[in-house]
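Each chain is listed here by its residues.
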Amino acid sequence: MFIPDISGRPGPKFQALADALAEAIESNELKANSKLPPQRILSYRLGVTVSTITRAYQELERRGLTEPKVGSGTYVKDREAEQQSFYNPITTRSGIDLAVCRPLLLSQQHHLSTALQELSLEPVAQKAVLDYYSADGLQGHNQILQQWLSKKMRSEIDNRRLLWTYGGQHSLTTIVQALTRPSDTILVEGLTYAEFIRTCQHSERKLVPVRMDDQGIDPDDLELHCKRHKPRLLYLTPAIQNPTGIQLNDSRRLKVIEICRRYKIMIIEDDVLYCPPENRITPIVAIAPDITFYVGSFSKYFAGGLRVGYIVMPLHLKNTMEKALRASCMNISPLMTDLVCRWLRNGAMEAVDNEIAMELKARHRLFNQYFHQPNPATVPGFNCWLKLPEPLTGYSFSKQLSDKGVVVREAEMFTVGRYPAPAAIRISLTGPSSRNELKTGLEIIKNEIQRSS
Ligand SMILES: Cc1ncc(COP(=O)(O)O)c(C=O)c1O
């Protein structure tokens, strides 16, 4: 039984006892869920009255360190479990999650803790991040983003072309709001990022799907739709297509740019999805900066919860974009952009990028043990696109998998309008937190395919 030593402690006895017990709890000498000594025994062993013990126990309860259990005594609270449940998501998904495309959590928590400690010692920064600003934000943040992007894109970027946002999704809705009106037409790849489809449906923009083949968007079909629909925008995920993982080759990129110029169409180049370092190529915005909105984000390169992204835009549309940004959120939280800038400056972002690349390679090796990726135009990112044998469809197979406790995304979720959905599913290799869980999920998929075809 734990008997605290209260000799030599100043102040009233109940206080001294409460302090001694609190220290033992904080240092884990008294562990979570352990029972405090019965009051009578402690009163006898310490030579104090039972009411002193009662007051000390009440004081510990007031400090949130213990809890009484009726008829059983007083116990040390399990504060970690309590905190854990506080941070539980309201909506949880059961089963092995091969649906959500998230970055793996590696050293990000450590970098967050370090950056917050740094910030806690910098009064100038604290004051700055608590204020309101115009939509273009803070000078230092803009400069850091400009330098980092110029290096990443291997071309000098004018810092006036940059705008911070609350992530890729916010960038997309802001661009759509700024550049189009209800019933305007936007061209998209026949299979595309599902939330972009929802954004356009929600704001009553008309989406027209462009045909895709094994190399990505088909330029001839693009031209046909440009003639027929007089669209305002083309939305593309050229570096790593969502959901298929295809990277658009140079010749197709150049054709797409040429067609968009000829028909006076602006391009939204969505580069949010994680692309491994060896597969990174010059973005469309570096070739056609006057007609391209480049959408980047730290959601897949660091953490989805940050909600920080950015747009590189044609300079002449800066005012229009700033107005749209103000209309949606006034300005981006300088606290969040400050954290991101610290990681861009101190190398944390690069370190995490490398760590993700390593872990992702290991997960692809695992995937390749079960499935063959037949299309050489695909890039090994977070997602794998798996074509299904007859008679399976993406929709029915994803239901079948869900009954077996594995969640994936079916092709139907990504199809635009009446574009024919292929028999395929998208598997996120980074959904599960462990490789073991991923392995179990892949095994179940493999078995279910063999059983059903
Ligand atoms: C292609 C694509 N664009 C944009 C987004 C949204 O990014 P963010 O989380 O930064 O809002 C996603 C998210 O999965 C995505 O896959």
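Refer to the structure printed above.
If you're wondering where the values come from, they're calculated on a predicted model, not measured in any experiment.

### Quick look at empty space enclosed by the protein
Thought 1: Tallied over the entire structure, the rule returns two cavities of 30 Å³ or more.
Thought 2: The volume enclosed by the largest cavity comes to roughly 80 Å³.
Thought 3: Around the largest cavity, the lining residues are Tyr 133, Ser 134, Ala 135, Gly 137, Leu 138, His 141, Trp 164, Asn 331, Ile 332, Pro 334 and Thr 337.
Thought 4: In terms of residue class, the lining of the largest cavity is made up of six nonpolar, five polar and no charged.
Thought 5: Approximately 60 Å³ is the volume attributed to the second largest cavity.
Thought 6: As for the second largest cavity, its lining consists of Ile 240, Gln 241, Pro 243, Gly 245, Leu 273, Tyr 274, Val 379, Gly 381, Phe 382 and Asn 383.
Thought 7: Each residue belonging to the lining of the second largest cavity can be placed in one class, and the counts come to six nonpolar, four polar and no charged.
Thought 8: Both of domain 2 (96–104 + 350–452) and domain 3 (108–346) provide at least three residues apiece to the lining of the second largest cavity.

### Thoughts on the layout of surface pockets
Thought 1: Each pocket or cavity is described by its volume, and for the largest pocket that value is around 1,500 Å³.
Thought 2: Lining the largest pocket are 46 residues, with Val 100, Arg 102, Pro 103, Gly 304 and Gly 305 positioned closest to its centre.
Thought 3: Those elements that place two or more of their residues in the lining of the largest pocket are α5 (108–120), α8 (168–179), α9 (194–202), α14 (334–346) and α15 (348–370).
Thought 4: Classifying every residue of the lining of the largest pocket gives 20 nonpolar, 14 polar and 12 charged.
Thought 5: A volume near 770 Å³ is recorded for the second largest pocket.
Thought 6: What lines the second largest pocket is a set of 30 residues, among which Trp 148, Lys 151, Lys 152, Arg 280 and Asp 353 lie closest to the centre.
Thought 7: Among the elements of the structure, α7 (139–153), β11 (292–297), α14 and α15 are those that each provide at least two residues to the lining of the second largest pocket.
Thought 8: Here the lining of the second largest pocket gets five residues from one element, more than from any other, and that element is α7.
Thought 9: Across the lining of the second largest pocket, the residue classes break down as 15 nonpolar, six polar and nine charged.
Thought 10: Both domain 2 (96–104 + 350–452) and domain 3 (108–346) contribute no fewer than three residues apiece to the lining of the second largest pocket.

### Structural notes on the site of the ligand
Thought 1: In the neighbourhood of the ligand, 14 residues make up the surrounding shell, with Gly 168, Asp 270, Ser 297, Ser 299 and Arg 307 lying closest.
Thought 2: Measuring from an oxygen atom of the ligand, one finds a backbone N or O atom of Gln 169 at 2.9 Å.
Thought 3: Ser 299 is positioned such that a nitrogen or oxygen atom in its side chain is 2.6 Å from an oxygen atom of the ligand.
Thought 4: Relative to its unbound accessible surface of 400 Å², the ligand loses 91% to contact with the protein.
Thought 5: Here the ligand occupies the largest pocket.
Thought 6: Here the residues of the shell around the ligand sort into four nonpolar, seven polar and three charged.

### Details of the packing of aromatic side chains
Thought 1: In this structure the tally under the stated criterion is 12 aromatic pairs.
Thought 2: Ring centres of Tyr 274 and Phe 382 lie 5.0 Å apart, and the angle between their planes is 5 degrees; on these two criteria the pair is classed as stacked. Within this pair, whereas Tyr 274 is found in the loop between β10 (266–270) and α12 (284–287), its partner Phe 382 is found in the loop between α15 and β13 (383–387), the two being separated by 108 residues in sequence. By the burial criterion, Tyr 274 is buried, and Phe 382 matches it.
Thought 3: Sitting over the face of the ring of Phe 14, Arg 55 holds its NZ or CZ atom 3.9 Å from the ring centroid.

### A short note on the pattern of salt bridges
Pairing between side chains becomes possible if they bear opposite charge and their charged atoms approach one another.
Thought 1: Across all of its chains, the model carries 26 salt bridges by this definition.
Thought 2: Salt-bridge contacts for Glu 23 lead to Arg 9; the nearest nitrogen and oxygen are separated by 2.8 Å. Taken together, the positions of Glu 23 in helix α1 (residues 13–26) and Arg 9 in the segment before α1 put the pair 14 residues apart, joining distant regions of the chain.
Thought 3: Ionic pairing is found between Glu 195 and Arg 198, a salt bridge with its closest N-O pair at 3.1 Å. Placement of both Glu 195 and Arg 198 in helix α9 is noted, with a separation of three residues, approximately one turn of the helix.
Thought 4: Classification of Glu 195 by relative accessible area gives partly exposed; the value is 30%.

### Structural notes on α14
Thought 1: A rise of 1.5 Å per residue sets the reference length of α14, with its 13 residues, at 18 Å; its end C-alpha atoms lie 18 Å apart and thus fit the reference within 8%.
Thought 2: Of all 13 residues in α14, 10 are buried; the element is thus mostly enclosed.
Thought 3: Here α14 has its buried residues at Pro 334, Met 336, Thr 337, Asp 338, Leu 339, Val 340, Cys 341, Arg 342, Trp 343 and Leu 344.
Thought 4: Next to the buried residues of α14 lie α5, α6 (123–129), α7, β4 (162–165) and α15.
Thought 5: The positive-phi residue at the C-terminal boundary of α14 is Gly 347, with phi of around 90 degrees.

So, how was this worked out
Residues numbered from 1 in each chain as written. Predicted model: local features only at pLDDT ≥ 70, side-chain atom pairs only at ≥ 80, totals over all residues. Heavy atoms only, no water. 1 Å grid on protein atoms, 1.4 Å probe; cavity = no way out; pocket = protein on both sides within 12 Å on 5 of 7 lines; lining within 4 Å. Points joined across faces, edges and corners; volume = space filled by probe spheres on them. Nonpolar A, V, L, I, M, F, W, Y, C, P; charged D, E, K, R; others polar. Domains from an automatic or database assignment. Helix = DSSP H or I, 4+ residues; strand = E, 2+ residues; numbered from the N terminus. Near = heavy atom within 4 Å. Polar contact = N/O pair within 3.5 Å; in protein donor to acceptor, adjacent residues only side chain to side chain. Areas by Shrake-Rupley, 256 points an atom, 1.4 Å probe, with all protein chains shown as cover. Sits in = over half its atoms within 2 Å of the grid points. Phe/Tyr/Trp six-rings, centres within 6.5 Å; stacked < 30°, edge-to-face > 60°. Buried < 20%, exposed > 50% of the residue type's maximum accessible area, 1.4 Å probe, protein only. Lys NZ or Arg CZ within 6 Å of the ring centre and 35° of its normal. Salt bridge = Lys/Arg side-chain N within 4 Å of Asp/Glu carboxyl O. Expected span 1.5 Å × (residues − 1). Contact = heavy atoms within 4.5 Å.

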